[in-house]
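Take a look at the letters that make up each chain.
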Amino acid sequence: GMPVNAERNFKKAIELEGDDKPSLDLLAMTLQQSNRAHEVPALWKEQLDKQPTSANLLTKYAISLVNAEQKDAGLAAFEEALKKADDQVIVKRYFAPLLAQNGDLDRAMDFYEDCLDVHPNDQAVLIEYAQTLKAANRTVDLQRVLRDILASNPDPNTRATTLAELIEIEQAKRVESVEQAKEKMQTGHFDQALQSIRPLKN
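Residues numbered from 1 in each chain as written. Predicted model: local features only at pLDDT ≥ 70, side-chain atom pairs only at ≥ 80, totals over all residues. Heavy atoms only, no water.

> Help me understand the overall build of the chain in this model?
Across its full length, the chain carries 12 helices and 0 strands. Along the chain, helices (α) and strands (β) appear in the sequence α-α-α-α-α-α-α-α-α-α-α-α when read from the amino end. Against the globule reference of 17 Å for 202 residues, the chain gives a C-alpha radius of gyration of 23 Å, more extended than a compact globule. The dimensions of the chain, computed from C-alpha atoms along their principal axes, are 70 × 40 × 30 Å. Taken across its 202 residues, the chain has 34% of its residues classed as buried. Residue pairs at least 24 apart in sequence account for 34% of intrachain contacts in the chain once pairs closer than 6 positions are excluded. Just so you have it, the chain exposes about 12,400 Å², and 49% of that area is on carbon and sulfur atoms. Separation of charge centres in the chain, based on 25 positive and 33 negative side chains, amounts to 4 Å. (Helix = DSSP H or I, 4+ residues; strand = E, 2+ residues; numbered from the N terminus. Rg over C-alpha atoms; globule rule 2.2 N^0.38 Å. Buried < 20%, exposed > 50% of the residue type's maximum accessible area, 1.4 Å probe, protein only. Contact = heavy atoms within 4.5 Å. Areas by Shrake-Rupley, 256 points an atom, 1.4 Å probe, with all protein chains shown as cover. Lys, Arg positive; Asp, Glu negative; His and termini not counted. Charge placed at Lys NZ, Arg CZ, Asp CG, Glu CD.)

See the structure below:
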């Protein structure tokens, strides 16, 4: 709760650090939380001038522009990062969700696939990819990715959500019967609800 002191200490730490500057992330976070997101791009730009091909720095610079409500500049920075970065996969990993939000679903899906070629079990990427496939109505591919998420040993909540989504796609009639049973229960027709549910248990 003392952002001014935090900022001062992070800046001192950055002066003492090597090229990786781990405290810069924390300083950027402090500025964002203090409603000073517009100051963050300049921090990353300063580091980029020293390491112009760093995929991490290029990506963080582009994201900071988006967070500072400079979306067009952020998109342009991501495009530039794809040309300059020493590791395109890192750039694509964080460019893909922005493209998906912007409605460029095909390109976002291509980038997610490129990321999964390198890191096939990255659960966060799989989940974002599944959301993009769903938005694009790519049901067959979505089923495959949902199974990949289940195979990646997710936490119980993610597993339950993913399994429910897979059931909705693969067993549409079952979902419909359950919904009908719920409606019958809500209107007090429990016998009719049981008739809808009993055949499903098999």
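After presenting the structure, the write-up continues.
> How should the layout of surface pockets be read in this particular structure?
Summary: where empty space remains is shown by rolling a probe the size of a single water molecule over the atoms. What the largest pocket holds in volume is close to 200 Å³. Lining the largest pocket are 14 residues, and of these Asp 25, Trp 44, Lys 60, Ile 63 and Ser 64 sit closest to its centre. Elements with a contribution of two residues or more to the lining of the largest pocket: helix 2 (23–33), helix 3 (40–48), helix 4 (55–67) and helix 6 (88–101). By residue number, the principal contributor to the lining of the largest pocket is helix 4, which donates 6 residues. Looking at the lining of the largest pocket residue by residue, the class counts come to 7 nonpolar, 5 polar and 2 charged. (1 Å grid on protein atoms, 1.4 Å probe; cavity = no way out; pocket = protein on both sides within 12 Å on 5 of 7 lines; lining within 4 Å. Points joined across faces, edges and corners; volume = space filled by probe spheres on them. Nonpolar A, V, L, I, M, F, W, Y, C, P; charged D, E, K, R; others polar.)

> Where do I start with the environment of Ile 149 in this structure?
Checked against the element boundaries, Ile 149 lands in helix 9 (residues 139–151). We classify Ile 149 as buried; its relative accessible area is 2%. Measuring from C-alpha to C-alpha, the distance between Ile 149 and Ile 127 comes to 7.0 Å, with 22 residues separating the pair along the chain. Sequence-distant contacts of Ile 149, that is, excluding residues within four places in its chain, are made with Leu 126, Ile 127, Ala 130, Pro 154, Thr 158 and Thr 162.

> Help me understand the pattern of salt bridges in this model?
Opposite charge on two side chains permits pairing when their charged atoms draw close. In this structure the tally under the stated criterion is 14 salt bridges. As a salt-bridge pair, Lys 60 and Asp 25 come within 3.1 Å of each other at their nearest N and O atoms. Taken together, the residues span a long stretch of sequence, with Lys 60 in helix 4 and Asp 25 in helix 2 at a distance of 35 residues. Ionic pairing is found between Lys 134 and Glu 165, a salt bridge with its closest N-O pair at 3.4 Å. Here the residue Lys 134 occupies a position in helix 8 (residues 123–135), and Glu 165 occupies one in helix 10 (residues 156–170), the gap between them amounting to 31 residues. Given the relative accessible area of 47%, Lys 134 is considered partly exposed. Through salt bridges with shared partners, a single ionic network connects Glu 7, Lys 11, Arg 36 and Glu 39. (Salt bridge = Lys/Arg side-chain N within 4 Å of Asp/Glu carboxyl O.)

> Would you explain a nonpolar patch on the surface in this entry?
Taken together, the side chains of Met 185, Phe 190 and Ile 197 define a hydrophobic patch exposed on the protein surface, amounting to about 280 Å² of accessible area. The residue Met 185 is located in helix 11 (residues 172–186) in this model. (Patch = residues over 30% accessible without salt bridge, like charges linked within 9 Å, V, L, I, M, F, W, Y side chains within 5 Å.)

> Just to check I follow, could you spell out the packing of helix 8 against helix 9 for this structure?
At a minimum axis distance of 9 Å, the contact between helix 8 and helix 9 shows a crossing angle of 160 degrees. When the interaxial angle is binned, helix 8 and helix 9 end up roughly antiparallel. Both helix 8 and helix 9 take part in a crossing whose hand is left-handed. Together, Leu 126, Ile 127, Tyr 129, Ala 130, Leu 133 and Lys 134 of helix 8 and Asp 141, Leu 142, Arg 144, Val 145, Leu 146, Asp 148 and Ile 149 of helix 9 make up the contact between the two elements. Residues of the contact of helix 8 with helix 9, tallied by class, amount to 9 nonpolar, no polar and 4 charged. (Axes fitted to C-alpha atoms, helices over the stretch in contact; angles between N-to-C directions. Parallel < 35°, antiparallel > 145°, perpendicular 65-115°, else oblique. Left-handed = near helix turned anticlockwise from the far one by under 90°.)

> Explain the packing of aromatic side chains to me, please; I cannot follow it from the model alone.
How two aromatic rings sit relative to each other is given by the distance of their centres and the angle of their planes. Per the stated rule, a full pass over the model turns up 3 aromatic pairs. Summarising the aromatic geometry, the rings of Phe 95 and Phe 111 are spaced 5.9 Å apart at their centres and angled 50 degrees between planes, so their arrangement reads as tilted. Of this pair, Phe 95 sits in helix 6 while Phe 111 sits in helix 7 (residues 105–118); the two residues are 16 residues apart in sequence, bridging distant segments of the chain. As far as the burial class goes, Phe 95 and Phe 111 line up, both buried. Pairing Tyr 112 with Tyr 129 gives two aromatic rings, centres 5.9 Å apart and planes at 40 degrees, and the pair type is tilted. Of the two residues, Tyr 112 is situated in helix 7 and Tyr 129 in helix 8; the sequence distance between them amounts to 17 residues. Judged on exposure class, the residue Tyr 112 and its partner Tyr 129 are both buried. (Phe/Tyr/Trp six-rings, centres within 6.5 Å; stacked < 30°, edge-to-face > 60°.)

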